[in-house]
Amino acid sequence: VEKGVKGVVINSAGFGEGGEEGKALEREMVRIAREGGTRLIGPNCIGIYCPAARLPFPRPSGTESGKVGVVSQSGSLADHLAFIATKNGIRFSKAISCGNECDLNAVDFLEYLGEDPETELIIAYLEGIRDGRAFSRLAKAVSKKKPIILWKTGISDAGARAAASHTGALAGSAAIWDGVIKGSGIVRVKSFEDILDTLYLFYYQPLPPGNRVAIITGPGGPAVGTTDACLELGLEVPRLLGETREKLQGVLPPAGASADNPVDLTLASAVNPALYGDVVRILGQDGQIDMIIIIGQGGEEFQNAVSVANQEIDRPIVATILMPMDLVLQEVEVLLSRGIPVYSDARRAVKALARLSEYATFRRA
């Protein structure tokens, strides 16, 4: 304050999350800071990751700027997210770990990211909010312009106690949070895996015009469970009719294949992966199809066929790879670099598409 510093990040822990003595120390720091117009981030945080300003998080997360903004009350989660996601081609505008929020808080940072022209997509991890009404109003306003993917923890009594000891946050009622999330257009996730699954889809693919899904599969069995998952999560799996069906019958194998939805390519797809690309193009021209799920076994020819078709249509496409996990990870790296989200299980793909569809509905409304 004496030197006129305008912004201070306090990394150290041992403040409000530890009890009343720590909270009193936080209040005294804020009082001193306010006397000189200084603002505080933290304590108990890792601060700011901003590639353009060369401000790093602890783990190496790249120096290229992008369109994803992050506000997180957990420093380790923000650090891990930036580290993992940049390995898969995601680029960040700013990420803020705000910790105990003795002064500036998540609502302040959400407002900043909502107005930031470099940020087009926001990830938030919150354990609690001090001003719930302000958060609700702001979240709805921001969601009209850009998606907010939120992992809200501390919903259970045990989780609320953990939040209090972690960042000193007051977690709040589960019923109230459910209402806020449903009414404000927030995209809700419930795990770190959910964050990544949803982030990749929102980052790389466009919003769909509706909730109708086409399923393309080589192996037939998984398509049945995928259809069930779509219906369970609010997506439609319409029958294919007319011109689309005729075009499909012209490219599918004569025996064993199905031009219905799901579209069954049979095991011929393993011999001729170009079938996937042909079918994607046909479905991409059908105005009754809003999103496409591809279930396959990967490989270079599969990657090339799906990638070229993805560039030719304007509907969201996701892929599910039925292979051992080490090989799935290789597919993830290649297909994500070409803009196609990849999942090891079709239900994960359906959950991500359902969130994309729900947000698109909110934006249209």
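Parameters at a glance
- Throughout this document, residue positions are counted from 1 along each chain, in the order its sequence is written.
- This being a predicted model, a pLDDT of at least 70 is required before a residue's local features are given, and a value of 80 or more before pairs of side-chain atoms are given or counted; all residues contribute to the totals for chains, interfaces and linings.
- Processing note: side-chain calculations cover all non-hydrogen atoms of the structure and skip hydrogens and water entirely.
- Each residue is placed in one exposure class: buried if its accessible area under a 1.4 Å probe, protein chains only, is under 20% of its type's maximum, exposed if it is over 50%, and partly exposed if it falls in between.
- Helix and strand assignments come from DSSP, with helices taken as H or I runs of at least 4 residues and strands as E runs of at least 2, each series counted from the N terminus.
- DSSP-based pairing: two strands are paired if at least 2 bridges between them are found.
- To count as a disulfide, a pair of cysteine sulfur atoms needs to be within 2.5 Å.
- Aromatic contacts are taken between Phe, Tyr and Trp rings whose centres are within 6.5 Å, Trp giving its six-membered ring; a plane angle under 30 degrees counts as stacked, one over 60 as edge-to-face, and the others as tilted.
- The rule is short: NZ of Lys or CZ of Arg within 6 Å of the ring centre and within 35 degrees of the ring normal puts a charge over the ring.

A.B. asks: Help me understand the pairing of strand β6 (residues 121–126), please; the structure alone is not making it clear to me.
C.D. replies: Where a strand is regular, its side chains alternate between the two sheet faces. Of all six residues making up β6, six are buried, and the element is well covered by its neighbours. Where burial is concerned, the two faces of β6 agree: the one with Leu121, Ile123 and Tyr125 and the one with Ile122, Ala124 and Leu126 are both buried. The pairing of strand β4 (residues 65–72) with β6 spans five bridges and is parallel. Bridging from a neighbouring strand, glycine 69 pairs with isoleucine 122 of β6. Pairing of β6 with strand β7 (residues 148–152), which is carried by five bridges, proceeds in the parallel orientation.

A.B. asks: Just to check I follow, could you spell out the sheet that holds strand β13 (residues 342–343) for this structure?
C.D. replies: Backbone-to-backbone hydrogen bonds pair the strands of a sheet. The strands run either parallel or antiparallel. Spatial strand order, β10-β9-β11-β12-β13: five strands in an open sheet with parallel pairing. Each edge of the open sheet carries a strand with a single partner, namely β10 (263–264) and β13. Both strand β9 (residues 213–217) and β10 contribute to a ladder of two bridges, which runs parallel. Within β10, the residue paired with threonine 217 across the bridge is aspartate 264.

A.B. asks: How should unusual backbone geometry be read in this particular structure?
C.D. replies: Peptide bonds are mostly trans, and most non-glycine residues show a negative phi. In this chain, glycine 42 is followed by proline 43 through a cis amide linkage whose omega measures -5°. Relative to the elements of secondary structure, proline 43 occurs in the loop between β2 (39–41) and β3 (47–49).

A.B. asks: I tried to follow the state of the cysteines on my own but got confused; where do I start?
C.D. replies: Here, disulfide denotes a covalent bond that connects the sulfur atoms of two cysteines. On inspection of all chains with the given rule, the structure shows zero disulfides. Cysteine cysteine 50 is unpaired, with the sulfur of cysteine 45 as its nearest cysteine sulfur at 15 Å. For cysteine 50, a relative accessible area of 11% translates into the label buried.

A.B. asks: Explain the packing of aromatic side chains to me, please; I cannot follow it from the model alone.
C.D. replies: Aromatic ring pairs: the centre-centre distance and the angle between the two ring planes describe each pair. Per the counting criterion, the structure on display carries eight aromatic pairs. Centroid distance tyrosine 49 to phenylalanine 57: 5.6 Å. Interplanar angle 35°. Geometry classified as tilted. For the pair tyrosine 49 and phenylalanine 57, one class covers both residues: buried. Geometrically, the ring pair formed by tyrosine 125 and tryptophan 151 is edge-to-face, given 5.4 Å between the ring centres and 75° between the ring planes. Taken together, the residues tyrosine 125 in strand β6 and tryptophan 151 in strand β7 connect sequence positions 26 residues apart. A network of ring pairs unites the aromatic residues Tyr49, Phe57 and Phe92 as a single cluster. We note arginine 59 situated over the ring of phenylalanine 83; from NZ or CZ to the ring centre the distance is 3.8 Å. In this structure, lysine 67 packs its charged tip against the face of tyrosine 203, placed 4.7 Å from the ring centre.

As far as function goes, none of this settles anything; it's purely spatial.
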